[in-house]
Amino acid sequence: LSKLMEKPTIFAICSVCLCPGEARVNTETPAGPLYRVVGSLLSISCNTSGFINEHTDKEFQFRIMMPGKRNEINIISTHDKFFSYAVYSQRVRDQEVTLTHVTPNSAVFKIQSLQKSDEGEFECSVANPESVYDGTYSAKTTVKVIDDSLTVSSPGPTSPSYDEGDALTLTCRASSNTVQHTHLSLTWYLQRRDEDNPRPIISLDRDLTLIPGQGFERRYQDGLIRLDKVGEGTYKLQFAKLEQSDQGEIYCQAQEWIQDPDGSWYSISQKEAEKKTVSVQTRATEVPPTTSSLVEGQKLSLSCSLSTQNLEEKFFTVAWFRGSVELVSIGPSGILTVGSEYSARANDGELRAARRGVRDYSLVLQPVSTEDQGEYLCRAWPQVRGQDGGFTQGAAHSSDPESIKISASEGVFSLEMQNAVTVKEGDSLSFTCKVNGAQGQLSVTWQRKATSGAVFTTVISQNQDGVTEEGPEFASRLVRAARPATDTFTLELDKVTPSDAGVYLCVVSAWKTNSKISSHTKESTVTVAPTVCSSVLESFLKLRLIGRKNRVTVGETVELICQNEIYHKMPPSNQVAVIVVNPGQLRKEDENKTIVSLDQDALVTFGPQLEPISRQRIGIMRFEGPAFELIIRHAQISDGGSYICKVVEWLQGPQSHWYPLPPSSTTIMLTVTEPGMLNYTSADTSENEGEDVELQCDIVSKASSPSHFYKVSWLYTGSNHSSMHVLVQLDHTGLLSYPEHPGLRGLQQRLRLSRPAQMSSHLQIEKAQNEDSGMYNCQIELFQLDRGGQWQQKASESSSPIRLTV
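Just so it is clear, the structure is predicted and the values come from calculations on it, not from any experiment.

Novice: Explain the overall build of the protein to me, and be specific about the residues and the numbers.
Specialist: Of the regular secondary structure elements, the protein holds 7 helices and 64 strands. The buried share among the 806 residues of the protein stands at 45%. For the protein, the exposed area adds up to about 41000 Å²; of that, 49% sits on carbon and sulfur atoms.

Structure, rendered in C-alpha cells:
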C-alpha cells in the first residue's frame, strides 16, 4: 500500500483497466475454421456492441495473417481508401473485395471469388471513438481454402424425343472428393421455352428428404414422378408418363454443403450437368373412313390404327365407344373386356373386337339395329410396365368420331315394359315385355345387373324355337320364362331377396331363316323392400368424437376416440362398421379422404389414397359400447385437419339378409404444430441500488434438430412506461442489437447479455438504479432454414414477467 501511495499516477492508469468479465465493448466474428472452395464467395460478418453511442457508424477494417507469415496484411477499411496493401489494392478497387455496413455496429466483409492465397486468419477490428478502452475491439476467424472437387454429369443422348404418355428415365452422377465431411443435395430442373426461369421438378436435399417442385406435387404423390438414389453418387429421375408440358431442357444441379462450427450449413459448391433437350410429341389415333349408312341386319366394321414411334416396344389399351358408352376394350396383354350394355351381344357372337397387327385394331357388330347408330370412335391409352409386371396407364388419345346411320328393315319393332318395379322381400317378381310390330321368329334373353354390380348377367333365355336356358347364377333358383302370347314375353322369379335388386333387361331379337336380323332392349329398375319393421330401422347410435389431445406437435401420437353416448345392449345380430376420413389432407380437392375402415367382420381396410408408408403409422381398435379408437403415430403437419367418424349399424332381417341403417357421424378438428418450447426465468427479485442484478431465462424445447436456432429478446416495462419495450436482443444469426428507446438509453448502456449455453440466456444489469424497477420478460423465437435457404419462424413464446424492485 505504501508503494502505491508513492506512485499515484500508476494507480490512476490501473483504474481504467477492468477485471475479466466486466468488459463493456465486445467484437465478434464467426467461429472458425470456415472451409470454402476456390472460386466461391467468402462472407464474414463482424459485430460490435457496448459503445456508449450505439447509433453512429463504427469504422471497421480487415487484415489477414497468411500461413507461415509473420506480419499481417491490410485488406480493406470502411474509412480509409488507402488502407489496402498492394496484394489486395487492385481487388478492392475492382470491388471484388468489399466491406459494407449492415448496421451502425456491424459490417460484412466479402471476397467474391476466393483464391488459394486468401487462406489464413482474418482479423476484424473496430476503431475506438471513445476516450477510454473498455473491452475487445477485434476478433479473428480462420478460413481454409480447399479445391473444388464436385463433379456432376448426366450420361445419355442430349436431344431425346418421346411421345406423349411415354416413360422417361434420366440419370445424374454427382460426387465429391472433399476431405472434410460434406453433404450433397441434388435438384432436377425443367427450363421451358416460354419461361425465363427454370422450374424445380424434384429435389433430394442434404438430409435425403424428397421435395417435389411447384406444379409437380400431384404427379409425385400419385407415383408418376420419382427421384431415386440408386448407388453411390447416382440419381435417377423417372417420369411414368410424359405430358406436353414436360418438354424443354431438363438438367440436374448438385450442391455440396459443409457444416460451420456454429452448426449452420453452408453451400461451398454448386454445379450443373449438361442439359437434355426433351421433346414430347402428341400421339394421334385415326379411324379410316367406313361405310356411313347401313341397313338393319348388316355388318358394321370399323378399324383403328395407332401412330407413334417405337410401337413394337410399347403397350396400349384400345377401346371402342359409341358416344360415351364403351363397347369393348383390348388390354395391353390382349385381354378383351366387354361393356355391360353389350355383354349379351358379345356372348351371342354379335360383337367382336381384335388386334389385327402391330398397330391395327378392328371392331365388328353384326347384325346392327337402329339403336346402334351414332358416332363411333376409338381411344388408346399407353401402358408402362413396372418392375413388378404391373401396368401404369398414361394419358388417353382419341380418334375423330365416325358417324354411322342405320335405316330400318323388315325386322323393325319396339318393346314396352314397366320402368320401375318394387317388390317385398320374399314375394315373387314378375315382368311383362310386350313386342310391337314384330313379324317372324322372336327370341328373348332376360338379364340383370346388380345394384352394386358393373355388368349384366343372364337370368334366363328363350330361343326362337321356345327352348329355355337358365343363367349360371340362377340355376338353383325357381325362375321361369314364358311366351303367353305372340307379342308377349314374361319373367317370374320366386322369393326375391335384397340381392335381387338392380336393373333388368328384356332383349328381344328377330330372326329370319336362322339369321338374326335385329335386336332391341328395354330395361326396368327393381327395388326390393325389406320386411324389417320400419320402427327398428332407426339407429341406436349417438356418436361423440373426442381426442385425448386435439393439439399435438410433430412426432407425437394422436389418439381419437369415437364412442356411442347412448349405451345399449346390442342384439347378437347387430354389426357395426366405421370409416374415418380427413379432408384436411386434401384441401385443394375439397373432398374427404378415407383413412381406415373397420367392417362388420372386424376387417381393417386402408383408404386407397393413403400412401403405404402412412399405413404403418395408423391403427384402429374397437371397444365395447361401441367405441372406436384411431391411432396415428409420429404425427406430421399433413395429419392436421377435420376428422370424421362415420358409423353404420346393420340389422339382420327375417330372410337372414343384412340391412344397413342410416349412418351416424361426428367431426373433430386436429391441429399438428411444429415443436414448440417453454421457458422459465428467475423469480421476482429485490436488489439494493448500486448492486449488479442478473436475470436468467432457460429454454426447454422439443426442437433438437441442428437446423433449429433461437432468438432471445429481453423486454421491459417500467412504472413510467405504458408499453413494453425491447431492451436488447440476440438474434438467431448471432447479431446483438439494442433497439433505440431514448428514455431507456441509460439502462441499455448498463446491460450485459450473455449465452453461457445454447438453451440459456442471462441478462445482467450493472449498478442497478431505482428507475430500473419494473417488469422484465424473456421472449424466445425458434427459427429454421427452409429448403431455399430462407429463415422461417417456427414458434414464439414469452416467459412470465419478473418483477424487479431496486
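And the narrative resumes.
Novice: Would you mind going over unusual backbone geometry in detail, with residue names and values included?
Specialist: The residue after G32, namely P33, is reached through a cis peptide bond having omega 0°. Checked against the element boundaries, P33 lands in the loop between β1 (26-28) and β2 (34-37). Across the junction of Q366 and P367, the peptide omega takes the value 0°, indicating a cis bond. Summarising the element assignment, P367 is placed in the loop between β28 (360-365) and β29 (374-385). The backbone of H634 shows a phi angle near 50°, a positive value even though the residue is not glycine. Note on placement: H634 falls in the loop between β50 (627-632) and β51 (641-652).

Novice: Would you mind going over the pairing of strand β47 (residues 594-598) in detail, with residue names and values included?
Specialist: Most of β47 is tucked away, with 4 of its 5 residues classed as buried. Relative to strand β48 (residues 604-606), β47 runs antiparallel, the two being bridged by 3 bridges. Bridging from a neighbouring strand, S597 pairs with T605 of β48. In sequence, β47 turns back onto β48 through a hairpin of 5 residues, with A602 there showing a positive phi of about 65°.

Novice: Describe in detail the pairing of strand β39 (residues 479-485), supporting the description with residues and values.
Specialist: As judged from the 5 bridges shared by β39 and strand β40 (residues 488-493), these two strands associate in the antiparallel manner. What sits directly across from A482, in β40, is T490. Between the antiparallel neighbours β39 and β40 lie 2 residues.

Novice: Outline the sheet that holds strand β9 (residues 138-146), listing residues and values.
Specialist: Ordered by their spatial adjacency, 5 strands build an open sheet running β2-β9-β8-β4-β5, and the pairing between neighbours is mixed. Strands at the two margins of the open sheet, each flanked by one partner only, are β2 and β5 (73-77). The sheet shows a mean angle of 30° between the axes of neighbouring strands, taken without regard to direction. As judged from the 6 bridges shared by strand β4 (residues 60-65) and strand β8 (residues 120-126), these two strands associate in the antiparallel manner. Note that in β8 the partner of M65 across the bridge is E121.

Novice: Provide a residue-level description of the sheet that holds strand β34 (residues 420-424), including the pertinent values.
Specialist: A sheet is described by the order of its strands in space; here 6 strands give the open sequence β34-β42-β41-β36-β37-β38, paired in mixed fashion. Whereas interior strands pair on both sides, the edge strands pair on one side only; in this sheet they are β34 and β38 (468-470). Neighbour-to-neighbour, the strand axes of this sheet turn through a mean angle of 25°, independent of strand direction. Here 10 bridges tie strand β36 (residues 441-450) to strand β41 (residues 502-512), and the two strands are oriented antiparallel to one another. Residue pairing across strands places R448 opposite Y504, the latter belonging to β41.

Novice: How would you sum up the nonpolar core? Please name residues and give values.
Specialist: Residues L429, F431, W446 and V508 are the most contacted members of the largest nonpolar core, which totals 29 residues. If we ignore the near neighbours within four places in the chain, the residues touching F431 are M417, V421, W446, F489, T490, L491, Y504, S524 and V526.

Rules behind the numbers
Residues numbered from 1 in each chain as written. Predicted model: local features only at pLDDT ≥ 70, side-chain atom pairs only at ≥ 80, totals over all residues. Heavy atoms only, no water. Helix = DSSP H or I, 4+ residues; strand = E, 2+ residues; numbered from the N terminus. Buried < 20%, exposed > 50% of the residue type's maximum accessible area, 1.4 Å probe, protein only. Areas by Shrake-Rupley, 256 points an atom, 1.4 Å probe, with all protein chains shown as cover. Pairing = 2+ DSSP bridges. Axes fitted to C-alpha atoms, helices over the stretch in contact; angles between N-to-C directions. Core = buried A, V, L, I, M, F, W, Y, C linked by side-chain atoms within 4.5 Å. Contact = heavy atoms within 4.5 Å.

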